[in-house]
Amino acid sequence: MQEPSRALWPLSHLVHSAGITPFLSLLHNPSGKLAESNPDNSRSGGASAKEKAVLSSPGEAENVQLKPSRETPRKKLCGYLNKLGIKGPIKTWKSRWFIYDENKCHLLYYRTAQDVNPLGSIDLSSASFDCKVENGEGVFEIRTPSRVFTLKAISKQAMMYWLQQLQVRRWEFCNAASRFPVGSSQLVNEPLADRTNVVDSEAFMPPVKTPTEVVGLKAASLPAPQTSTALQNISLKHPWTEIQNTVYNICVAKQLRGNNGNIFNFSEFHPESLDEEQEAEVEAGCAVKEEIPEDGRLESRMNWVRKAKWMNSGFLGLAEELSRERSSMDKVSVLQQQILTLTEEVKSQKELVKLLHKALEAAQQEKRVSSMYLTAAEDKDRLELVRHKVRQIADLTSRLEALEKEKKELEQMLALRDSHIQELKEHVQHLMEKNHAKQEVIMALTEQMARELSDPLQEANTITAETLYKQQEEIEHLKDDIDAYKTQNQFLNSEIHQVTRLWTSAAENEKALLMKCACLQARNCQMESKYLTVLRKLQETVPGLPSSDAELVRNLIQEALQWDVKEGAEEGLNLNPVSEYDEYGFMTVPDYEVEDWKLLAKIQALEIKSNNLRSQEVVEKPLRDRWNGVGELSPSAELKGLIRSGIPVEHRQRVWRWIVSRHCSHLPDHYQRLLRQSKSTEHPACRQIELDLPRTLTNNKYFSSPTSQLIPKLRRVLLAFSWHNPAIGYCQGLNRLAAVALLVLEDEESAFWCLVHIVENLMPADYYSDTLITSQVDQRVFKDFLAEKLPRLTAHFEQHQIDVSLITFNWFLVAFVDSLVSDILLRVWDAFLYEGTKVIFRYALAIFKYNEEEILRIHDNVEIYQYLRFFTRMIVDGRKLMNIAFNELNPFPMKLLRNRRTMHREELETELCELEQIKAAYVKERAEQGPQDLQDVVSEEEEEI
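Residues numbered from 1 in each chain as written. Predicted model: local features only at pLDDT ≥ 70, side-chain atom pairs only at ≥ 80, totals over all residues. Heavy atoms only, no water.

(A) Just the packing of helix α17 (residues 670–680) against helix α21 (residues 748–762), in detail. At a closest axis distance of 10 Å, the pairing of α17 and α21 adopts a crossing angle of 95°. It follows that α17 is roughly perpendicular to α21 by the angle criterion. Contacts between α17 and α21 involve H670, Y671, L674 and L675 from the first element and E748, E749, F752 and W753 from the second. Split by residue class, the contact of α17 with α21 holds 5 nonpolar, 1 polar and 2 charged. (Axes fitted to C-alpha atoms, helices over the stretch in contact; angles between N-to-C directions. Helix = DSSP H or I, 4+ residues; strand = E, 2+ residues; numbered from the N terminus. Parallel < 35°, antiparallel > 145°, perpendicular 65-115°, else oblique. Contact = heavy atoms within 4.5 Å. Nonpolar A, V, L, I, M, F, W, Y, C, P; charged D, E, K, R; others polar.)

(B) Representation of the nonpolar core. Counting residues in each nonpolar core, the largest one holds 115 residues, and the members touching the most others are L734, F797, F816 and F848. Dropping the residues within four chain positions of it, F797 is found in contact with L786, I802, V804, F848, I855, I864 and L868. The next biggest cluster of nonpolar side chains, apart from the first, holds 30 residues, and it includes F149, M159, Y161 and V215. (Core = buried A, V, L, I, M, F, W, Y, C linked by side-chain atoms within 4.5 Å. Buried < 20%, exposed > 50% of the residue type's maximum accessible area, 1.4 Å probe, protein only.)

(C) Geometry of the packing of aromatic side chains. This model, assessed by the stated rule, comprises 21 aromatic pairs. Look at F812 and F841: their rings are 4.9 Å apart centre to centre, the planes differ by 70°, and that puts the pair in the edge-to-face class. In this pair, F812 is assigned in helix α24 (residues 805–814) and F841 in helix α26 (residues 838–850), connecting sequence segments 29 residues apart. Take F812 and F841: they sit in the same class, and that class is buried. (Phe/Tyr/Trp six-rings, centres within 6.5 Å; stacked < 30°, edge-to-face > 60°.)

(D) Examining the pairing of strand β6 (residues 139–143) more closely. For β6, a buried count of 4 out of 5 residues is recorded, marking the element as mostly surrounded by other parts of the structure. Here β6 runs beside strand β7 (residues 148–152); their pairing, made up of 5 bridges, is antiparallel. Across the sheet, F140 pairs through a bridge with L151, a residue of β7. Following β6, the chain reverses through 4 residues before pairing antiparallel with β7. (Pairing = 2+ DSSP bridges.)

(E) The arrangement of the pattern of salt bridges in detail. The full count for this structure, using the stated rule, is 24 salt bridges. The partner of R391 in a salt bridge is E384, with the nearest N and O atoms 3.4 Å apart. Assessed through its relative accessible area of 38%, E384 is described here as partly exposed. Ionic contacts of the salt-bridge type, sharing partners, join the residues R792, K849, E852 and E853 into one network. (Salt bridge = Lys/Arg side-chain N within 4 Å of Asp/Glu carboxyl O.)

(F) Seen up close, the environment of K132. With respect to the helices and strands, the residue K132 is situated in the loop between β5 (128–130) and β6. As a C-alpha pair, K132 and Q488 span 356 residues in sequence and 9.6 Å in three-dimensional space.

(G) Spatial organisation of the environment of K94. Mapping K94 onto the fold places it in strand β2 (residues 90–101). The buried category is assigned to K94, whose relative accessible area is 17%. Considered as a pair, K94 and L84 are 10 residues apart in the sequence and their alpha carbons are 6.3 Å apart.

(H) Region of the structure containing a nonpolar patch on the surface. A cluster of nonpolar side chains, Y373, L374, L383, V386 and V390, forms an exposed patch at the surface whose accessible area comes to about 460 Å². Among the secondary structure elements, those contributing two or more residues to the nonpolar patch are α8 (329–374) and α9 (379–452). The biggest single contributor to the nonpolar patch is α9, with 3 residues. Turning to its location among the elements, L374 is positioned in helix α8. Using a relative accessible area of 61% as the deciding quantity, one classes L374 as exposed. (Patch = residues over 30% accessible without salt bridge, like charges linked within 9 Å, V, L, I, M, F, W, Y side chains within 5 Å. Areas by Shrake-Rupley, 256 points an atom, 1.4 Å probe, with all protein chains shown as cover.)

(I) Representation of the confidence of the model for the protein chain within the structure. When pLDDT is averaged along the protein chain, the result is 75; 67% of the residues meet or exceed 70. Considering only residues more than four positions removed or in separate chains, one finds that residues 1–72, a stretch of pLDDT under 50, has 177 contacts. For the stretch residues 182–203, pLDDT sits under 50, and the model shows 27 contacts to residues farther than four places along the chain or on other chains. (pLDDT = per-residue confidence, 0-100.)

(J) Here's a closer look at unusual backbone geometry. Following N890, the chain continues to P891 via a peptide bond in cis, the omega torsion being 0°. The residue L772 is not glycine, and still its phi comes out positive at about 50°. Turning to its location among the elements, L772 is positioned in the loop between α21 and α22 (773–789). Although it is not a glycine, A815 sits at a positive phi angle of roughly 55°. Relative to the helices and strands, A815 resides in the loop between α24 and α25 (822–835). Assessed through its relative accessible area of 2%, A815 is described here as buried.

Structure (structure tokens):
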């Protein structure tokens, strides 16, 4: 019976271990241990192995350790298999003794079990197994990256036993090697010790019973399979190894004959009379026999018995069944239906096997190419691989052109054949007319036969025993094929399951390594930050240091300020995480002119990166997963909490567009009409806009120079807004708001509507008017909240006569742009666009709360003002600031904010009215007194005259 294909995926592992000797060396080692020999060094080590292989007494063979461990006794995997040898066009089967090397995961093969040097080995650590239906019964393949070995077992059971044992032992070897990878350090493997998972062996396929007559140490005492000619079994590729083995066997035989002892004694050994316990004893301690009986009756007797059993159980039973059912028409129809059903099932199983084979081959090819590319030591090797691919593409292109040319030729031939077919059709039509008369005769004869076969008994007699026998035989074959395909599917499912488990384990290990790398990077940032802080402290004491020490401190500071990411990349491991720009083009380390401020900016950038790395897995990744699960956006408390926590970069543009579209109705072609109007008519604010463009976000690479790519877009957005809202036109600060909108939304029309939403919906009326009256009102409201939430800080400011509105006025006007670092700034804007100006009050109070203790330590008003100029950029923990703003400052009702604004607006309007009255009275008084005073005034020149 033919067997289906059983392809198993290869697993590559770099494992190097000692080799093992063949079966005779195991039994003849006087030390009682496994003798080691390398197949590659078989020529040089043949003599020494021969000397060690001779036993002084038969009792020493019982001490040989054939079990893999003390706790788990294990049988040695060895036996005779036929190996397909190919020499040019000639293919022959050669009998070889195979033995599995537990240490190297190699399958060594010898000509006979008594040979001392192997003819070769098969590396199973990166091999796959395959057995195909068309190859014949007992034939299977072992595919390695370099070669394909075709082997043949004596029976299906033996083949299944070899396949299952090789698969199990390969997995055990790979799992043992993966626990202690080469080059692993204790630092990396320490947190992964608890994460290593051993692939469990699930019962995808029941274990195959050991065929003791062909597998195991007992098989060595049986005669080797005979070939048609004496020279057919000799390996012509390894003549020196054959000579060494022959000389060694002759020497051993002479020595044993001199001692009146025989290695093999078949009269004392009967395999069919041994049970399982006796078989284990023979496998562990029996002596190897050398001489083979000439008659070979044992093997022929067993073959005759097996053949007789098969004939009795198969064909005799079939003949009796056919004799009973020969006259049953119903049984025939049932058998025919069963044949059709089984045929369809076989077809479906074959299609499934083909799909699995294609998937396996594609995965193997992709893995090999990726492994070659990843294991390339230098860029030169990887470039060579790429060039090889380019050459392959060029070759395929030339082949495609040749095929296209061939296609054209075939089309021409097809046209000629079509004309020839047309002629043949006409001839066929003539023949059909000619055969019409014959068909009438055939119909008459058919009707006559139908009348004769109308009797059921007569029709049943026409079905002979031979027909039923063939159908029954075909059914049996189909059943065998179905069983074989089911077995193959079990193999494939087992292999796929184990590969999936390994992939899951590797993914978990990779995640742990990434977390460890992030911790190391965060720790490195902290160390650099502390180092820079020490340098800053030394910088303050430079005037009191000697000249040599002062110069050394200056050099260290200069060197620290010149660190960049490229130095870490040259070392192969990027532990300097501070890049020059972030995702939106903002400089991570601002370029200040004062050297002390440069050092502070570098310290702050390192601290921010350290906090981000530490919170990446704990906070940022779960938050990003929650955002990935958000589908269609709709107002809710959950969405409000997510926006307050910060929108990830990949979702920010979509959420901002949704927020703006909810409050602003996008009029079609409105923005383009405003642009046309700005081109045709110059707006009065055009000059002021041009003056403010170069001063917009100078710390961002997209606005740092007049030739930057976003400057023209910003100009068009501001001009369109000045025509859209003539009451405001343009106010200083709108350029920064529009610039941030452009960076996130990218589209200038979307940025225009975002600016409209901020000015007309979020901010109160008159916030950007000429008088900025509402902006002044918010400063008074903020002072009230500051006194309520932070009374100690307010008293400290009053004691040193500090007016916080000089610092906070710009915060409210431009929503913290150019005040906070970009990462924290965009989180503030996320909540600001969704909730309104209350967010600005929350974050302004949170900033003072964040730095309250530092401010209270300063007792000089000049130093306080200097600290307040840049203290917002010293905030490194954005999560802590957010927690203060939305949790520690509660309650913060919007109704209270509205009432405070109304009260202070009335007070401010009253004050402005009184000021206008005073101003008008003064102007009126000057107007009345001015001309009279001028008449009485005499110049110095007149007095001199």
